[in-house]
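# Chain and residue survey
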Amino acid sequence: MLQQIDELEKSALKKISSAENEEILKAIELEYFGRKSGKIGEILKAIPTLEPKERGAVGKAANIAKKNVEAGIADRYFVLEEEKMANLEISEKIDVTEPSIGKTEKGKRHPLSVFMLECEHVFGKLGFEVAEGFEIEDDFHNFEALNFTPDHPAREMQDTFFIENEELKGYVLRTQTSDMQIRFMEENKPPYRIISPGKVYRKDSDATHSPMFHQIECLMIDKNISLANLRFILLTALRELISPDVDLRFRLSYFPFVEPGLEVDALLKVDGKEKWLEIGGAGMVHPNVLKNVNVDPDIWNGFAFGFGIERMVMIKYGVKDLRAFFENDLRFLKQF
Ligand code: PHE
């Protein structure tokens, strides 16, 4: 019996050391330690049937053999793993300097990003600089400084995602890029000419509304500014951005931070027919807003407008469902 154990151990260790891969090793492991007919198990099971005086020595030898074979298997797994890793290093090596031309498709900017960059370019030519904002905003910049009192009904239209976390209580995902009027004026001295494109959040969601969308804000503060300046700047920009035959009309509307407040419609060709389409809000900046940022409304005045970027791009390319911009469907995105 002792000799049998010795031979079993030797042959096992020999097989183990020549196992070329993990599958072979796994099979060997089963052969010796399999639950049903593992060779080591068979021996251990046979011990109680031996003569009592033999049991001690055989049991001891069997247990030593068991440990040795187990250790042999563990070592071999380790060596095989190391070899596998070393091979991976060679077989999966990536040459980052290899040119990709002709081998992979080149990505490009999303149509919304392209339009925002075009806006920056066109307004840049008209003397406007770009001011970048934050998507998480405090109540003061999103509402209060813009002349929305805490219980102002106009907040309802823009009711949004309030952050409940203790530390950020009172913060919102901003509902409009108009917060940048405040942030920029707080930090700079007039005159101002800025645009600020970015993400905003509201609770609505359908074919023409998404809970996250993009706006572009424009603010011009100087001396003796009038709605005629607003009309000229907007028309010049839109004729370059969308189409040379765009026309504009203003309708009276209400936003707490402008007076008068306007809804802006653009005359555009849709499916071959001319149509007035609402494209955003605008107005002359309310004196209270200027006071809130310590700009003297008796010296300075100006206009602001805010447009939805998705809406503009939909108009420009005839996109019917706004959600297409966010579905990452390459068949849609590749058309731009
Ligand atoms: N912030 C307004 C909105 O999102 C639009 C607006 C901007 C109106 C600037 C007037 C002036 O509805």
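Residues numbered from 1 in each chain as written. Predicted model: local features only at pLDDT ≥ 70, side-chain atom pairs only at ≥ 80, totals over all residues. Heavy atoms only, no water.

In this structure the tally under the stated criterion is one cavity of 30 Å³ or more. Of the voids in this model, the largest cavity is the one considered here, and its volume is about 30 Å³. I5, L8, I40, I43, A62 and A65 are the residues that line the largest cavity. Elements with a minimum of two residues in the lining of the largest cavity: helix 1 (2-18), helix 3 (39-46) and helix 4 (52-91). Considered class by class, the residues forming the lining of the largest cavity number six nonpolar, no polar and no charged. (1 Å grid on protein atoms, 1.4 Å probe; cavity = no way out; pocket = protein on both sides within 12 Å on 5 of 7 lines; lining within 4 Å. Points joined across faces, edges and corners; volume = space filled by probe spheres on them. Helix = DSSP H or I, 4+ residues; strand = E, 2+ residues; numbered from the N terminus. Nonpolar A, V, L, I, M, F, W, Y, C, P; charged D, E, K, R; others polar.)

The next thing to look at is the site of the ligand. Residues in close proximity to the ligand total 15 residues, the closest being Q176, S178, R202, Q215 and G306. Counting atoms within 2 Å of the grid points, the majority share of the ligand lands in the largest pocket. Elements with a contribution of two residues or more to the shell around the ligand: strand 5 (212-222), strand 8 (273-285) and strand 9 (301-308). The biggest single contributor to the shell around the ligand is strand 9, with three residues. Class assignment for the residues of the shell around the ligand results in six nonpolar, seven polar and two charged. (Near = heavy atom within 4 Å. Sits in = over half its atoms within 2 Å of the grid points.)

Averaged over every residue, the pLDDT of the protein is 92; the share at 70 or more is 99%. The weakest mean pLDDT in the protein belongs to helix 7 (residues 154-157) at 71; the strongest belongs to helix 10 (residues 287-292) at 98. (pLDDT = per-residue confidence, 0-100.)

We now examine the domain arrangement of the protein. Domain boundaries assigned for the protein yield domain 1 (2-91) and domain 2 (111-326). Taking only C-alpha atoms, the centre of domain 1 and the centre of domain 2 are 74 Å apart. (Domains from an automatic or database assignment.)

Another point: the pairing of strand 8. As defined by bridge partners, strand 7 (residues 258-270) adjoins strand 8 across eleven bridges and the pair is classed as antiparallel. Looking across to strand 8, one finds that L268 is bridged to K275. Hairpin connection of strand 7 to strand 8: two residues between the antiparallel strands, including D271 at a positive phi of 50°. Judged from the five bridges that link them, strand 8 and strand 9 form a sheet pairing that is antiparallel. Looking across to strand 9, one finds that A282 is bridged to F305. (Pairing = 2+ DSSP bridges.)

Applying the stated criterion across every chain yields a total of 17 salt bridges. Note that E31 and K39 form a salt bridge whose closest N and O atoms lie 2.7 Å from each other. The class for E31 is partly exposed, based on a relative accessible area of 25%. Residue K39 is classed as partly exposed on the basis of its relative accessible area of 34%. (Salt bridge = Lys/Arg side-chain N within 4 Å of Asp/Glu carboxyl O. Buried < 20%, exposed > 50% of the residue type's maximum accessible area, 1.4 Å probe, protein only.)

Here we take up the nonpolar core. F123, I279, F303 and F305 are the most contacted members of the largest nonpolar core, which has 45 residues in total. If you list the elements that add at least two residues to this core, you get helix 5 (111-125), strand 5, helix 9 (227-241), strand 7, strand 8, strand 9, helix 11 (309-317) and helix 12 (330-333). Every residue in contact with F123, bar those within four places of it in the chain, is listed here: F128, I195, C218, I233, A237, L241 and F305. L146, M180, Y192 and W300 belong to the second largest nonpolar core, which has 24 residues in total. (Core = buried A, V, L, I, M, F, W, Y, C linked by side-chain atoms within 4.5 Å. Contact = heavy atoms within 4.5 Å.)

Glancing now at the layout of surface pockets. If you add up the space inside the largest pocket, you get close to 730 Å³. For the largest pocket, the lining is made up of 31 residues, of which R202, F213, Q215, E278 and G308 are closest to its centre. The set of elements that each furnish at least two residues to the lining of the largest pocket consists of strand 5, strand 7, strand 8, strand 9 and helix 11. Split into classes, the residues belonging to the lining of the largest pocket amount to twelve nonpolar, twelve polar and seven charged.

Relative to the assigned elements, P297 resides in the loop between helix 10 and strand 9. Classification of P297 as partly exposed rests on a relative accessible area of 26%. Among all residues touching P297, those that are not within four sequence positions of it are P287, L290 and K291.

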